[in-house]
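Read off the chains here:
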Amino acid sequence: MRSPLTTLCYVEQDDKYLMLHRVSKKNDVNKDKWIGIGGHFEEGESPEECLLREAKEETGLTLTSFRFRGIVTFVAEGWTPEYMCLYTADGFEGEMIPCNEGCLEWVPKSEVTKLNLWEGDKIFLKLLAEEAPFFSMKLVYQGDILKYAAVDGKALELFDVCDEHGVPTGRVTERSVAHASGIMHRTAHIWVVRESADGGWELLLQRRSADKASFPLCYDTSAAGHVSAGDDYEESAYRELQEELGITARPGELEYVGLYDSGDIEASFHGKPFHDREISAVYVYRKDVDETRLCLQKEEVDSVRWMKYEECCAIAKQNDSRFCIHPRELELLGRCLGAHTENGIVCS
């Protein structure tokens, strides 16, 4: 069967999008979802002819200014794959009429992602908001669950949305969407530690790459990374330790410490807002690692250094901007290592 060609358009006015709540059609792949306006090509139509006809039929509006923003390959289990021409429009004339496919509503752009959207739509809506150049996107779904996403042939990272206990909820979201909206997801943190000559502990800190999307060139956990959708904490911890530092730990060598809730982190990096919420599983690797022989992943890690546990705690307590380590995580680590606490802050 030939894959259908369709258009999808987000008409904008007064910092709002015209959204269609698809509640009227039976056997609709978009049933109960909020989307833009558009529909299938008729025989011989160009994308623009389809766009203008569908806009007129669904809304009563005649579009006078529009832009072709991208191509979306939409694949959903049980449905024929679809190639969708994505548009935005900022000029129109005429009076809006009721739509027989659902309810039309002007929604503030800042509120759109709170609607019942396809998860992949949140990705391309973010690209539209960022004025990204023309793009090709592929989205693959199993039911309502996003299984794969790519932009211009490059696969994107997908995360399981989790609850406050780090348990996946069944939803999946894309990395940039999670970090833009503060959607709770999972990470694994690994602390490489060694005993010092005075009987205390030293921690191996990594200095994050200058190209990192958040906290560039800040000192951080020895190794850390997001848990990909479908993976678990432990396998992610072993993988991140090997990828970032070149340390191949044997089964059982990573000691589970506990879960750490980062809380809401809101900042701005490289000119972009960042709103993060992570539930991290913390692990310890108790080895006297020779830092000069590590194989660092340069895309992630600029350098590493050993630091005494007490010094790291003192710096974290001072909120030193060169470090992105929270005292609560060090307190959790300290209990595992047998350190003492004073007033909730880890100390020697």
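See the structure shown above.
None of the values given here were measured: they were computed from a predicted structure.

A. A look at the overall build of the protein. For the protein, the count of helices and strands is 7 helices and 22 strands. The dimensions of the protein, computed from C-alpha atoms along their principal axes, are 80 × 40 × 30 Å. Burial analysis of the protein (348 residues in total) assigns 50% to the buried set. Contacts spanning at least 24 positions in sequence make up 63% of the contacts within the protein whose residues lie at least 6 apart. In the structure as shown, the protein presents an accessible area of about 17100 Å², 48% of it carried by carbon and sulfur atoms.

B. Quick peek at the nonpolar core. Within the largest apolar cluster, 36 residues are counted, with the highest numbers of intra-cluster contacts made by Y10, F124, M137 and L139. Broken down by element, this core gets its largest block of residues, 5 residues, from helix α3 (residues 119–129). Filtering out sequence-adjacent residues up to four positions away, F124 remains in contact with L8, Y10, V72, M84, L86, F135, M137 and L139. Among the nonpolar cores identified, the runner-up in size contains 25 residues, and I190, L254, Y283 and W306 belong to it.

C. Representation of helix α1 (residues 47–59) within the structure. The terminal C-alpha atoms of α1, which comprises 13 residues, lie 18 Å apart, in line with the 18 Å expected from a rise of 1.5 Å per residue. C50, L51, R53, E54, A55, E58 and T59 are the residues of α1 that are buried. Check the buried side of α1 and you find it contacts β1 (5–13), β2 (16–21), β4 (62–76), β5 (82–93) and β6 (103–108).

D. Layout of the pattern of salt bridges. Scanning the entire structure with this criterion turns up 29 salt bridges. Of the charged contacts, one joins R194 and D288 as a salt bridge, the two residues approaching to 3.1 Å between their closest N and O atoms. Placement of R194 in strand β12 (residues 185–195) and of D288 in the loop between β19 (278–286) and β20 (301–308) is noted, with a sequence separation of 94 residues between them. Close ionic contact of E253 with K287 constitutes a salt bridge, the shortest N to O distance being 3.6 Å. Within this pair, whereas E253 is found in the loop between α5 (233–245) and β16 (255–261), its partner K287 is found in the loop between β19 and β20, the two being separated by 34 residues in sequence.

E. Region of the structure containing the pairing of β19. The buried fraction of β19 is high, at 8 of 9 residues. Where β12 lies against β19, 9 bridges are found, and the strand directions are parallel. The partner of T187 across the bridge, within β19, is S280. The pairing of β16 with β19 spans 6 bridges and is classified as antiparallel. Within β19, the position partnered with L259 by the bridge is A281.

F. Representation of the environment of L128 in the model. Residue position: L128 is located in helix α3. Looking at L128, the relative accessible area reads 3%, which means it is buried. The sequence separation of L128 and L86 amounts to 42 residues, and the corresponding C-alpha distance is 9.8 Å. Sequence-distant contacts of L128, that is, excluding residues within four places in its chain, are made with Y10, Y17, R69, L86, T88 and F135.

G. Structural view of the environment of H326. Mapped onto the secondary structure, H326 falls in the loop between α6 (309–317) and α7 (327–337). The spatial distance from the C-alpha of H326 to the C-alpha of S262 is 8.0 Å, given a sequence separation of 64 residues.

H. Just α7, in detail. When you tally the buried positions in α7, you get 8 out of 11 residues, the bulk of the element. A positive phi of about 90° marks G338, the residue just after α7.

I. How the structure looks around unusual backbone geometry. Even without a glycine there, the phi angle at D32 is positive, about 70°. By secondary structure assignment, the location of D32 is in the loop between β2 and β3 (34–35). Classification of D32 by relative accessible area gives partly exposed; the value is 38%. One non-glycine residue, D152, lies in the positive phi region at around 50°. Following the sequence through the fold, D152 ends up in the loop between β8 (145–151) and β9 (154–155).

J. Fine view of the state of the cysteines. What the rule picks out here adds up to 0 disulfides. For the unlinked cysteine C103, the closest cysteine sulfur is that of C99, found at 8.7 Å.

Criteria and cut-off values
- For every chain, the first residue of its written sequence is number 1, and the numbers climb from 1 along that sequence.
- Given that the model is predicted, a residue must reach a pLDDT of at least 70 before its local features are reported, and side-chain atom pairs must reach 80 or more before they are shown or counted; all residues, however, enter totals for whole chains, interfaces and linings.
- The basis for every side-chain value is the complete set of heavy atoms in the structure, and neither hydrogens nor water enter the calculation.
- Strands here mean DSSP runs of E at least two residues long; helices mean DSSP runs of H or I at least four residues long; both are numbered from the N terminus.
- A 1.4 Å probe rolled over the protein chains alone gives each residue an accessible area, and that area as a share of the maximum for its type sets the label: buried under 20%, exposed over 50%, partly exposed in between.
- Any two residues whose heavy atoms approach within 4.5 Å are treated as being in contact.
- Using a 1.4 Å probe, the Shrake-Rupley method yields the accessible areas, and only the shown protein chains count as cover for residues.
- Within this scheme, the nonpolar core is defined by two criteria: the residues are buried Ala, Val, Leu, Ile, Met, Phe, Trp, Tyr or Cys, and they are joined through side-chain atoms within 4.5 Å.
- Expected helix span is given by 1.5 Å per residue-to-residue step, counting one fewer step than there are residues.
- One speaks of a salt bridge when a side-chain nitrogen belonging to Lys or Arg is within 4 Å of a carboxyl oxygen belonging to Asp or Glu.
- In this analysis, strands are considered paired if DSSP registers two or more bridges between them.
- When the sulfur atoms of two cysteines come within 2.5 Å, that pair is taken as a disulfide.

Geometric descriptors of this kind do not, in isolation, establish any biological role.
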